[in-house]
Amino acid sequence: MTHDPAIETRGLTKHYGSVEALTDLDLEVRAGEVFGFLGPNGAGKTTTIRTLLDEIRPTAGSAEVLGMDTHSHSVEIRSGIGYVPGDLAMYPNLTGRDTLTYFANLRGGVDWDYVGQLAERLDAELDKKVGDLSSGNRQKVGLIQAFMNRPDLLIMDEPSSGLDPLVQREFQAMMREVAAEGRTVFLSSHTLSEVQRVADRVGIIRTGRLIALEAVADLRSKAMRRIEFQFSEPVEAAVFQEVDGVSDIEVLRRRVMLSYRGHLDALLTLLAGRYDIVDITTHEADLEEIFLTYYRDEEEGA
Ligand code: ATP
């Protein structure tokens, strides 16, 4: 049985001299979720991960991974998780298969049938020396290494860098399958579209501080989106002006276009009681827009 929460940090802080790489991070990653850890370059994502793996010591605070203290139980944690570091060191003269054998031996064996399936899905080349592989193909060996023991928790630092779009899709499906089995994925990324597709929740970090922690679905509802309604009869613009979150209304008899920020449900409930809606087209705001909106609001609020 996997531990819930899979990751818990309390006041986790790492300063390098005057550089505040990470400040007072309180985070809970729940068992069975894909958690997207999103932030621009230098935000503190890698610092967080390296602290969880006890590669670096926090200046203050503490963390538990699978219920174990990251410092006193680092060896058990290492053997119980799958880890894709930003820069996985591999012996260039070993083939992919030999590399996986090496990692498997460290962990007491592996199911080679499962490795074969993973390799096929990622279109990995296991018979070439890893030193002769392109960076994307080398990355696939790193991913298989992390997935192959079916760990309760996968911690991955920018894992899709260098993967082509088809392989990225397959990799995203693999992450969703891990979560569907009740296992957990901690995905550090600056690829917004990937987090949007794959994550249940997202933590946004900037200059070492967590500035937002949201379900991806809620984050979406905070974004502005353009909506077009068709009604069976002409309507008045005034009806929409009184609705919270509505702006930029254009009325062309039975057709209304507007911008809306909020839960769609609230708007639809209000309209459905009064008008006969024939058609609705919404232009889904993507996470990039939301991300930028968030950063802007944060700056204005500060
Ligand atoms: P990226 O997306 O670029 O990988 P990141 O979010 O992973 O960025 P970190 O690598 O955690 O960011 O870096 C956070 C901050 O800490 C940066 O300002 C970085 O320069 C600084 N930093 C990281 N490691 C060290 C170190 N060993 N010594 C001094 N400063 C460091």
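This write-up is about the structure you can find in this document. All values derive from a computational prediction rather than experimental measurement.

Re the site of the ligand
- Of all residues adjacent to the ligand, which total 13 residues, the nearest are Gly42, Gly44, Lys45, Thr46 and Thr47.
- A distance of 3.0 Å separates an oxygen atom of the ligand from a polar atom in the side chain of Asn41.
- Between an oxygen atom of the ligand and a main-chain N or O atom of Gly44, the distance comes to 2.9 Å.
- With the chains in place, 60% of the 640 Å² that the ligand exposes on its own is no longer accessible.
- Of all the secondary structure elements, the ones that give two or more residues to the shell around the ligand are β2 (19–29) and α1 (45–52).
- Among the elements that make up the shell around the ligand, the one with the highest residue count is α1 (three residues).

Considering the sheet that holds β2
- Spatial ordering of the open sheet is given by β2-β1-β4-β5, a layout of four strands whose pairing is antiparallel. One side of each edge strand has no neighbouring strand; the edge strands of this open sheet are β2 and β5 (68–69).
- Strand direction decides the pairing type here: strand β1 (residues 7–16) and β2, joined by seven bridges, are antiparallel. Paired with Tyr16 across the two strands is Val19, which belongs to β2.
- Where α1 meets the sheet, its contacts fall on β1, β2 and β4 (60–65), and the angle it forms with β1 comes to roughly 115°.

A look at the sheet that holds strand β8 (residues 184–189)
- The strand order across the open sheet formed by six strands is β6-β7-β8-β3-β9-β10, and the pairing between neighbours is mixed. Each edge of the open sheet is held by one strand with a lone partner, namely β6 (81–84) and β10 (209–215). The sheet shows a mean angle of 15° between the axes of neighbouring strands, taken without regard to direction.
- Sheet analysis places strand β3 (residues 34–38) next to β8, joined by five bridges and oriented parallel. The residue bridging Phe35 from the neighbouring strand is Phe186, located in β8.
- Strands in contact with helix α5 (residues 135–147) are β6 and β7 (153–157); relative to β6, the strand with the most contacts, it is inclined by about 165°.
- Taken strand by strand, helix α6 (residues 165–180) contacts β3, β7 and β8, and its axis lies near 145° from that of β8.

Here we look at the nonpolar core
- Among the nonpolar cores identified, the biggest contains 43 residues, and Ile144, Phe147 and Met156 are the most heavily contacted of them.
- In terms of residue count, α6 provides more of this core than any other element does, six residues in total.
- Among the nonpolar cores identified, the runner-up in size contains 23 residues, and Leu25, Phe37, Ile49 and Leu153 belong to it.

Quick notes on the rules
- Residues numbered from 1 in each chain as written.
- Predicted model: local features only at pLDDT ≥ 70, side-chain atom pairs only at ≥ 80, totals over all residues.
- Heavy atoms only, no water.
- Near = heavy atom within 4 Å.
- Polar contact = N/O pair within 3.5 Å; in protein donor to acceptor, adjacent residues only side chain to side chain.
- Areas by Shrake-Rupley, 256 points an atom, 1.4 Å probe, with all protein chains shown as cover.
- Helix = DSSP H or I, 4+ residues; strand = E, 2+ residues; numbered from the N terminus.
- Pairing = 2+ DSSP bridges.
- Contact = heavy atoms within 4.5 Å.
- Axes fitted to C-alpha atoms, helices over the stretch in contact; angles between N-to-C directions.
- Core = buried A, V, L, I, M, F, W, Y, C linked by side-chain atoms within 4.5 Å.
- Buried < 20%, exposed > 50% of the residue type's maximum accessible area, 1.4 Å probe, protein only.

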